[in-house]
Amino acid sequence: MMKKYAPVIFVLLVSCICRTLGQTCEGNCGEKLDTCSCHSTCTSLKNCCTDYKEYCVEIIPYSGSILGGTDFMVLDASFNKTSKIVCRFNNNTNTLGYVDENSRGHCISPLLYETGWVPLDISSDNGTTFSRVGSWLSVHTGKLDAQFKATLVNSTKWQYYGTPNVGGTLEMTWNTSLVRAERVNIELWGYRETGEAYTDSWQGEWLYLYSLAKNQPNNGSFSFLPEPAKNGFSSWELGSVRVSPSTYPDGMWNVQAAWTEDHALAWHLEEKFRQNSTVWALDKCLAWDQLENQLPNFLSEIIDCPCTLAQARADTGRFHTDYGCDIEKGSVCTYHPGSVHCVRAIQASPKYAAGQQCCYDSTGAQVLTADSIGGSTPDRAHDWGSPPFNKPPRIPGQSHWVYDVLSFYYCCLWSDNCQYYFKHRPSSDCRRYQSPSSALVFGDPHFITFDGVSYSFNGKGEYTLVTSAKKQLTIQGRTEPVNGTAIKATKLTSVAMKEAYSDVIEVRLVSGHNGLEVLQNQKTLSFTEQSWIDLHGVFVFSPTSTNVTVMFPTGAGVEVRLREGTMTTTVLLPEEFKDSTLGLLGKMNGDAMDDLALSNGQLVQNHSNPEELFSFGASWAVYNKSALFTYDSEYLLEEYYYGPRHDLHFVPVFSVPESPDDPLASQASEICSGEGSQFCRYDILVGRSPRMGNATRVSFQSHISLVQDLKPVISCGWLSPPTNGMKKGTTYLQGAKVQFSCDDGYTLKGSAERICQGNGQWSGEETNCMIPSNVAGIVAGSVIGAATLFLIILTIVLSYRKQKRKAAQSKDDVITEAF
C-alpha cells in the first residue's frame, strides 16, 4: 500500500519543504524547482512556491483589441502607492500603468501589429527591473466582442458618406466603462502602408490625424456633421475613431481608450469625392488596377474552395466561418449580396500570405464573381494576418483592408466598375479541391478509422490515435474506466496533440464531466472572453464549453464534442496525409484491409476477434518520454504518470451480454437500431448508461452525415455566356444544366443546353451566337451590289475624264500649229 501511494506522498513532501527553504518564482515562472514549483500545474498539485502568484501573474481582462487601450488589472500581486508601474509587451513595447485606490496594479494594452498571446513583463520600479511575468491576448478587431469596442451607428452610412443621397450627421456609441474619465476626446487615427511591396521597406503604420471633438462628456455617445478633412488628411482612406480621456495630449499613444472598428473613411474624404464620387472612385480603381498589374500573382498558391456549403462547413481543419457572412447569425453578407454563408481558409498562403474566401448561396452552391458581385474573392492579404505578423501583408485586418477591401469600395461600391476588381480577384472554383478524410473516437470507446473500419477497444491507458512522421503530427488519447472500476469498460477523457514545433494542446473532461477544458502547454486556457485564440503553430476555437476545434498549419483538424458526459473526437486530415498515418485510427490510404496494424507493423487477422483487437490497441500505448498529457492531480500522477501507460490488470468486457432479464434490455432495443447499433447496445448494457448509449448513437449518425457531406463531388468548371447571348444556370457540379440563348437578331450555334458529366466535362459543343445565314446573304448581296454599282460609276467617270483630256489635247495641238 505504501508503495502505491509513494508518488503522492513525495509530491506532498515537496510542497511542504518548498515553503521552508525559500526558493522563489522571481525569474523562474514555468519552472519546476528543487523544493517547490513555479509551473502552471503547481496550483492543482499544491506545490507552488510561496511567491508563485506574486511573480507568475494572472490578469483580468486577459484580452483586448489589437488597437490597444484596454485597462487590465494584475491579480494577487501586491503593490504600494509609490510603485511606478511599467508594462512591457513582447519585449519591445512599453506602456505606463498605475496603482489604484485598493493597491492593485493596472496596465494599459498597447497598439500592436499582431494577434495572439503576447509576452507581458511588469515593472514596479519605473522600468528598472521587470520581475513579474504573464501574457496578453491581442485580438483582431473583427473578432472582438461588440461590448469591448466603440460602435459606428449605421456603419454603412459612415462608409458611403458623400456618395449620392448619403449625408447628414453621423453617430457613434461606446460603453463608458471602457474609458475611465469624466470627459473625453474623440480622435481620428489613420492607417497606411508605405515602401515597396514585398521588400524590407514595406511597413504599416497607425498615426493620429486630428480630433473630431475635445473635452466631451463621457456619456457613451457622440454625433457630428462631417466635413472634408483639411491639411491633406483626406488622403488617408482607412482608419479608426478613438475615444480617450481628455486629460491626455492629442494623439498620445497607448492610453486607455475605446476604438471603433477600422473602416473606409468616406466621411472625411476631399470635396472632389462629394462632388462626383463615381469619377473619384473610378480614378482610384484604375490606379489600383495598374498597381496590381505590377505585383506578383498570388492566385496559384492559395487553396481551392470547397464545392458545396456542406463541404465548406465540414472541412473545419482548413476553413472557418467568415464573421462577415455567417448563416448562424442571419446571413448579413454586406460585401457578398446573394450569399448566405462564407468561409475563409484558416491558413495564409506560404509565400505571399494570401487568403481565400468562399461564399455560397441558399442552395449550397458556390457563388462565383464571374456570375455575381456577391461571389467568392481571394485576398492578397489574409484578413486574419499570419505569423510572424508585424509587417505587410501579414498585419491582421489592416493589410487586408489596404489591398482587398478599399479597392472593392473603389471599383464596386463607390462606382460600378467591378470588372477591374474581379480581374485581379476572380473566384477560385473547386475543380482541384479534395475533401479531407475523417476518423472518429466515441462512446465506450469505439473507433472508426479513416478508411471506414469500425471496432471497439476498451483498454485503460494512454494511446496513440494518429501519428504521422511525414507531417510531424501526433494525437494521443487517454481512457479511464466508466464510473470507477465497477464497470469493465472505459471511455475517452482526454486528447493531447501537437504538430512539428507547435504548442501542445490538450482537451479533456473537467471534473464532473459536464464540460471541456483546454490546456496550452499544460496551462489552462480561458475562453470566457474570446472564442478564437491564435497560438504558436495552432489555432483553437471554442464557442461553448462543450465544443472545441483545433486547427494546425497542415490543414489537420481535431473536433472535440461533449455529449452526455462523453467525449466524441473527430480527426480530419487532408489528402497530403495519405500513406503517412499510423495508430488506432489506422492507415489513411483508402485500403481498409491494412488499417489495423500493430505498432510493430503486424496486421490484425480477424477484425471481429475482440481479444486480437485488444492486443492491437494495447500495442499503441504511448511511451513516457513521448506523452503529451498534463499530470496535475494525485490521481493522474498515480494512475498514468507513474503507472503503466496500458494497464495490463484492466480486462474489459469484450462482448455484449444478451439477457432478456436485464432491466436495460428494453431501453437498448428502443434506443439502438440500424447501422452502428452494436456500439450503442454495448454502452447501455455494459456501460450501464442509456444516456451514454444514446450519445453514442448520435455520434455515430453525425459521423455518417459528416462523411456524406465530405463526399467528393465533380465540378466541370465555370461556363461563360456566349457573346451576344446569355445563360441560365450558375451551378457547375455533376448533373447541373446550363442553358443558353441569344439576343434578338442572332442565331445559336452549338449546344443550347450543356450538362456537367461524371468525367468532369461538359456535354455538347461550345455555344456561340451568330448572325442568321439569310440575313447574312441579304447583307452580302447588298454589299456586292453596292460594290458593283460603285465600280460602274467609277468606270464611267474615269472614261469621261479620259475623253475630256483627249479633246483638250487636240485643241492644244491646233493652237500650237497656228503659232
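So, how was this worked out
Residues numbered from 1 in each chain as written. Predicted model: local features only at pLDDT ≥ 70, side-chain atom pairs only at ≥ 80, totals over all residues. Heavy atoms only, no water. Helix = DSSP H or I, 4+ residues; strand = E, 2+ residues; numbered from the N terminus. Contact = heavy atoms within 4.5 Å. Areas by Shrake-Rupley, 256 points an atom, 1.4 Å probe, with all protein chains shown as cover. Lys, Arg positive; Asp, Glu negative; His and termini not counted. Charge placed at Lys NZ, Arg CZ, Asp CG, Glu CD. Polar contact = N/O pair within 3.5 Å; in protein donor to acceptor, adjacent residues only side chain to side chain. Buried < 20%, exposed > 50% of the residue type's maximum accessible area, 1.4 Å probe, protein only. Pairing = 2+ DSSP bridges. Salt bridge = Lys/Arg side-chain N within 4 Å of Asp/Glu carboxyl O. 1 Å grid on protein atoms, 1.4 Å probe; cavity = no way out; pocket = protein on both sides within 12 Å on 5 of 7 lines; lining within 4 Å. Points joined across faces, edges and corners; volume = space filled by probe spheres on them. Nonpolar A, V, L, I, M, F, W, Y, C, P; charged D, E, K, R; others polar. Axes fitted to C-alpha atoms, helices over the stretch in contact; angles between N-to-C directions. pLDDT = per-residue confidence, 0-100. Disulfide = S-S within 2.5 Å. Phe/Tyr/Trp six-rings, centres within 6.5 Å; stacked < 30°, edge-to-face > 60°. Parallel < 35°, antiparallel > 145°, perpendicular 65-115°, else oblique. Left-handed = near helix turned anticlockwise from the far one by under 90°.

**What about the overall build of the chain?**
No. 1: Helix and strand counts for the chain stand at 15 helices and 39 strands.
No. 2: Relative to all contacts within the chain whose residues are 6 or more apart in sequence, the contacts with residues 24 or more apart total 60%.
No. 3: Put simply, the chain shows about 37200 Å² of open surface, and 52% of that area lies on carbon and sulfur atoms.
No. 4: Within the chain, the 84 negative side-chain charges are centred at a point lying 4 Å from the centre of the 66 positive side-chain charges.

**Observations regarding the side chain of D647**
No. 1: Among the secondary structure elements, D647 is positioned in the loop between α11 (634–641) and α12 (665–671).
No. 2: In terms of polar contacts, D647 uses its side chain to reach the backbone amide nitrogen of H649, at 2.9 Å.

**Some details on the pairing of strand β25 (residues 473–481)**
No. 1: Counted residue by residue, β25 has eight buried out of nine residues, so it is predominantly covered.
No. 2: Relative to β25, strand β24 (residues 461–468) is paired through seven bridges, and the arrangement is antiparallel. Looking across to β25, one finds that T467 is bridged to T474.
No. 3: Looking at chain direction, β25 and strand β26 (residues 490–499) are connected through nine bridges and run antiparallel. Bridge pairing links T479 to L492 in β26.

**Describing the pattern of salt bridges**
No. 1: According to the stated counting rule, one finds 30 salt bridges in the structure shown.
No. 2: In this structure, K214 and D250 form a salt bridge, with 2.6 Å as the shortest nitrogen-oxygen distance. Taken as a pair, K214 in strand β13 (residues 203–217) and D250 in the loop between β15 (238–245) and β16 (258–259) lie far apart in primary sequence, 36 residues in all.
No. 3: Given a relative accessible area of 47%, K214 falls into the partly exposed group.
No. 4: The class for D250 is partly exposed, based on a relative accessible area of 34%.

**Some points on the layout of surface pockets**
No. 1: Computed from the structure, the second largest pocket encloses a volume of approximately 1100 Å³.
No. 2: As for the second largest pocket, its lining consists of 43 residues, and the residues nearest its centre are I346, Q347, A348, S349 and P553.
No. 3: Counting only elements with at least two residues in the lining of the second largest pocket, the list comes to β8 (116–123), β30 (532–535) and β31 (538–544).
No. 4: Among the residues making up the lining of the second largest pocket, the classes are represented as 19 nonpolar, 14 polar and ten charged.

**Observations concerning empty space enclosed by the protein**
Leftover empty space is mapped by rolling, across the atoms, a probe with the size of a water molecule.
No. 1: Enumeration according to the criterion identifies six cavities of 30 Å³ or more in this entry.
No. 2: In this structure, the largest cavity encloses a volume near 100 Å³.
No. 3: Lining the largest cavity are 13 residues, and of these C307, Q366, L368, Y732 and L733 sit closest to its centre.
No. 4: Of the residues assigned to the lining of the largest cavity, the class counts are seven nonpolar, five polar and one charged.
No. 5: Reported here for the second largest cavity is a volume of approximately 80 Å³.
No. 6: For the lining of the second largest cavity, the secondary structure elements donating two or more residues are β9 (132–139) and β30.

**A word on the sheet that holds β8**
What holds strands together in a sheet is hydrogen bonding between their backbones, with the strands either parallel or antiparallel.
No. 1: As summarised here, the arrangement of the five strands in space is β2-β9-β8-β4-β5, forming an open sheet in which the pairing is mixed. The open sheet has two edge strands, β2 (63–65) and β5 (93–96), and neither has a second partner. Between one strand axis and the next, the sheet turns through 35 degrees on average, direction left out of account.
No. 2: Here seven bridges tie β8 to β9, and the two strands are oriented antiparallel to one another. For G116, the partnering residue across the bridge sits in β9 and is S138.

**Quick look at the confidence of the model for the chain**
No. 1: In the predicted model, the chain carries a mean pLDDT of 92, and the fraction of residues at 70 or more is 91%.
No. 2: Counted against residues more than four places away or in other chains, residues 807–819, with its pLDDT under 50, gives zero contacts.

**A look at the pairing of β9**
In summary, the side chains of a regular strand alternate between the two faces of the sheet.
No. 1: Sheet topology note: the β2/β9 ladder contains three bridges and is parallel. Pairing of S65 across the sheet is with V139, part of β9.

**Topic: the sheet that holds β26**
No. 1: Strands sit in the order β24-β25-β26-β27-β28-β29 across an open sheet of six strands; the sheet is antiparallel. Both outer strands of the open sheet, β24 and β29 (523–525), are each paired with one neighbouring strand and no more. Here the strands of the sheet are splayed against their neighbours by 25 degrees on average, with no regard to which way each runs.
No. 2: As defined by bridge partners, strand β28 (residues 516–520) adjoins β29 across three bridges and the pair is classed as antiparallel. Counterpart to Q520 in the pairing with β29 is K523.
No. 3: Its contacts with the sheet place α11 against β24, β25 and β27 (505–509), and it is angled at close to 105 degrees to β25.

**Examining the state of the cysteines**
No. 1: This structure, assessed with the given rule, holds 14 disulfides.
No. 2: What pairs with C285 in a disulfide is C411, and their sulfur atoms sit 2.1 Å apart. Taking the sign of the S-S torsion, about 105 degrees here, the bridge from C285 to C411 comes out right-handed. Of this pair, C285 sits in helix α6 (residues 277–294) while C411 sits in helix α8 (residues 398–413), placing them 126 residues apart in sequence.
No. 3: Note on C411: relative accessible area 0%, which makes it buried.

**Some thoughts on helix α13 (residues 677–685)**
No. 1: Counting buried positions along α13 yields seven of nine residues, so the element is predominantly enclosed.
No. 2: Burial in α13 covers these residues: F679, C680, R681, Y682, D683, I684 and L685.
No. 3: Considering only its buried residues, α13 is in contact with β21 (437–442), β22 (446–448), β23 (454–456), α12 and α14 (690–709).

**Focus: the packing of aromatic side chains**
No. 1: In the structure shown here, the tally under the stated rule is 44 aromatic pairs.
No. 2: With centroids separated by 5.3 Å and ring planes inclined at 80 degrees, the aromatic side chains of Y198 and Y352 adopt a geometry described as edge-to-face. Here Y198, found in the loop between β12 (183–194) and β13, pairs with Y352, found in the loop between β19 (341–345) and β20 (357–360); they are 154 residues apart in sequence, far enough to count as distant.
No. 3: When its relative accessible area of 27% is taken as the criterion, Y198 is described as partly exposed.

**Remarks on the side chain of R478**
No. 1: By the element assignment, R478 lies in strand β25.
No. 2: The class of R478 is buried, set by a relative accessible area of 2%.
No. 3: Contacts of R478, omitting those with residues within four sequence positions, involve G461, E462, K491, L492, T493, S494, E506, F629, T630, Y631, L636 and Y640.

**Some points on the packing of α6 against α8**
Packed helices, taken two at a time, are described by the angle their axes make and the gap between the axes.
No. 1: The contact between α6 and α8 brings their axes to 7 Å, and the two run at 135 degrees. Relative to α8, the element α6 is oriented oblique. Every pair of crossing elements has a handedness; the one defined by α6 and α8 is left-handed. Between α6 and α8, the residues in contact are W280, A281, L282, K284, C285, W288, L291 and E292 and Y403, S407, Y410 and C411, respectively.
No. 2: Residues that form the contact of α6 with α8 fall into these classes: nine nonpolar, one polar and two charged.

**Considering unusual backbone geometry**
No. 1: For the bond running from I60 to P61, omega is -10 degrees, close enough to zero to count as cis.
No. 2: In this fold, P61 is placed in the loop between β1 (59–60) and β2.
No. 3: A cis amide bond links P387 with the next residue in sequence, P388, at an omega value of 5 degrees.
No. 4: Of note in the backbone geometry, N91 takes a positive phi value of approximately 65 degrees without being a glycine.
No. 5: Turning to its location among the elements, N91 is positioned in the loop between β4 (86–89) and β5.

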